[in-house]
Amino acid sequence: MPSSAPLAADTSSSPAADAPSGAGVRRRAFLSGTAVAGGALTLTAAGLGPAAAAGADRGTASSAPVTVLPQDRRYADLRRGTNQRWVGSPERVVLATSTDDVVRAVQEAVDSGRRLAVRSGGHCYEDFTTSREVEVVLDLSRMDDISYDERRRAFSVQPGAALGRVYDRLYKGWGVYLPAGNCPTVAAGGHIPGGGYGSMSRRDGLAVDHLYGIEIVVVQADGTARAVTATREPDDPHRELWWAHTGGGGGSFGVVTRYWLRSPGATGSDPAEQLPTPPREVWLSEVAWPWEELTEARFTRLMWNHGDWHARNSAPDSPYTALFSQLKPFHKSAGAVVLDSLVDAGAPGAERLLRDYISEVGAGVGVRPQVRQYRRVPWLHATQWPGFTGPDPTVRFKGKSVYARRNYTDAHIAAAYRHLTRDDFHNPGALLMIASYGGAVNRVAPDDTAVPQRDSVLKYQVVSLWNDAADDEANVAWVRECYRDMFAATGGVPVPDEDTDGCFVNYADVDLGDPRWNSSGVPWHELYYKNGYRRLQKVKAAWDPTDFFRHAQSVRPL
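On a predicted model such as this, the values are computed, not experimentally measured, just so you know.

Colleague: Outline the pattern of salt bridges, supporting the account with residue identities and numerical values.
Modeller: On inspection of all chains with the given rule, the structure shows 38 salt bridges. With a shortest N-O distance of 2.4 Å, Lys328 and Asp340 are connected by a salt bridge. Residue Lys328 is located in strand E13 (residues 323-329), and its partner Asp340 is located in strand E14 (residues 336-344); the two are separated by 12 residues in the primary sequence. A salt bridge links Arg406 to Glu498; the nearest nitrogen and oxygen atoms lie 3.2 Å apart. Residue Arg406 is located in the loop between strand E16 (396-404) and helix H11 (410-420), and its partner Glu498 is located in the loop between helix H12 (472-486) and helix H13 (524-529); the two are separated by 92 residues in the primary sequence. In this structure Glu498 comes out as exposed when scored by relative accessible area, which is 54%.

Okay, here's the thing in structure tokens:
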């Protein structure tokens, strides 16, 4: 999840599936900070023309594609993603191993009139790959190669590569990384095109800020499936197709079969110079304020301190771009409000920055926080730290997202407190997952990518995780009601205004299109894309004119 994350965020290269919370979630796991993160759920051409056909880059498949039918013993696993709320019933699941496999699978679905959905990591919050309309699931999890493309001076990452594998291969092979989500099981497929973020995004930007190009299988007006490439080169005639994948989300335009990653302004031919280098080491911290000592006034002061700190310390040139944290006010049944933090140990005064941050968040609260962890670890090891990683893949979840431009309002805090302390609801896996944001993210202009939210300081979600289907109704209701009441003054959703700036597309939420939960008059697509939606629609019209690739919140044709 928030990738990451998120939970992490993230989603897959086309539609994907995920979900909510309940009383059976283990208390200790949540108190240790294990929730949703990064891109899924949260407790990123030298020698070849930019618009060249993709065939030369497809490579040789290491194994043949596999088709799994309902009678196959593997079907029970492959009919669902990470979120156990959603279980599909497709006629078949095709596990592709190459771009050619994808072209064939898409063409067969077009020719037979079957509804196709694409899944890479399966971390989608909604039923985009498991709805009853889906007849064929195209699974990209076996397409997980990570390599360096010398012709493009860019790293090639296939959509099935999980972020943990991406970090491991890039760092061990070349000493570089992508500032993407915190959940290591989220795949690149849907995380990147949604605008993936994570613990180093304040320092180095979003994953899409380093996206050089894509290889993608599209369906033409005549029903022919083919692979094309699109890059950010100014003279690339397919550049708008690249732009749509810098925050437009998955499942609207085609099937991405490869991402090329190179930072803007990177020069030379040395692979180690084409992407940022991560910290050598980081400081990790976890502190907690016990609910038994938190009155409403104390909780309000804690939240206000946290929001105010981020409003003051999230400029692109702030020394605090080296720091990322997640504040996790769990439901009181979990026992505590938790603050997990990370800082680049190589930043000037890193340890002081971390200590000052924790001190400022807790100032005047009147409760001494419990120190649960405080240690220095190598960066690659820290990418697996449970303080930020995503949920157990056997749980159910529901989340609703927020971009915050400044501190929480009194009404936001009061509503959150009311729902976090309800006595008629008990789940230690229900919480607000509040991530640090801004910094280098806000250095990019709103229309340079399809992520228009470029002046926020916090990014968070109201989320719940649980085990049992019998608890679905209670947990989904808690998430919906808490979110609605927090944003009651703006129709139940965080509309773009001076306080908030809409929602994160990787934390898909079909309620945004339901007038029962969004009475603001602002449509779901404006909450995700703001004024960029019409531009995305033009890309849709050009590259998927038959609307073959679609789900409940895909970009609609013009």
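After presenting the structure, the write-up continues.
Colleague: Requested: an account of the environment of Ser341, with residues and values cited.
Modeller: Position of Ser341 relative to the elements: it lies in strand E14. Separated by 56 residues in sequence, Ser341 and Ser285 have C-alpha atoms that sit 5.1 Å apart. With near-sequence residues (within four places) excluded, Ser341 lies in contact with Trp283, Leu284, Ser285, Phe324, Ser325, Leu354, Tyr357, Trp385 and Phe388.

Colleague: So, the confidence of the model for the protein: which residues are in play, and what are the values?
Modeller: Mean pLDDT over the protein: 90, with 89% of residues reaching 70 or higher. Counted against residues more than four places away or in other chains, residues 1-57, with its pLDDT under 50, gives 380 contacts.

Colleague: Tell me about the pairing of E13, and name the residues and values.
Modeller: In the case of a regular strand, side chains alternate between the two sheet surfaces. The buried fraction of E13 is high, at seven of seven residues. Burial of the side chains of E13 extends over both faces: Leu323, Ser325, Leu327 and Pro329 are buried on one face and Phe324, Gln326 and Lys328 on the other. Here seven bridges tie E13 to E14, and the two strands are oriented antiparallel to one another. From the neighbouring strand, Pro329 faces E14, where its bridge partner is Val337. Count of turn residues in the E13/E14 antiparallel hairpin: six residues, of which Gly335 carries a positive phi of about 100°. With two bridges connecting them, E13 and strand E17 (residues 430-436) associate as antiparallel partners. In the sheet register, Leu327 faces E17, and the bridge partner there is Ile434.

Colleague: Go over the sheet that holds strand E6 (residues 136-139), please, and point to the residues and values.
Modeller: Read across the open sheet, the four strands follow the order E3-E4-E6-E5; overall the sheet is mixed. The open sheet is flanked by strand E3 (66-68) and strand E5 (116-119), the only strands paired with a single partner. Adjacent strand axes in the sheet meet at a mean angle of 20° when their direction is disregarded.

What counts as what
Residues numbered from 1 in each chain as written. Predicted model: local features only at pLDDT ≥ 70, side-chain atom pairs only at ≥ 80, totals over all residues. Heavy atoms only, no water. Salt bridge = Lys/Arg side-chain N within 4 Å of Asp/Glu carboxyl O. Helix = DSSP H or I, 4+ residues; strand = E, 2+ residues; numbered from the N terminus. Buried < 20%, exposed > 50% of the residue type's maximum accessible area, 1.4 Å probe, protein only. Contact = heavy atoms within 4.5 Å. pLDDT = per-residue confidence, 0-100. Pairing = 2+ DSSP bridges. Axes fitted to C-alpha atoms, helices over the stretch in contact; angles between N-to-C directions.

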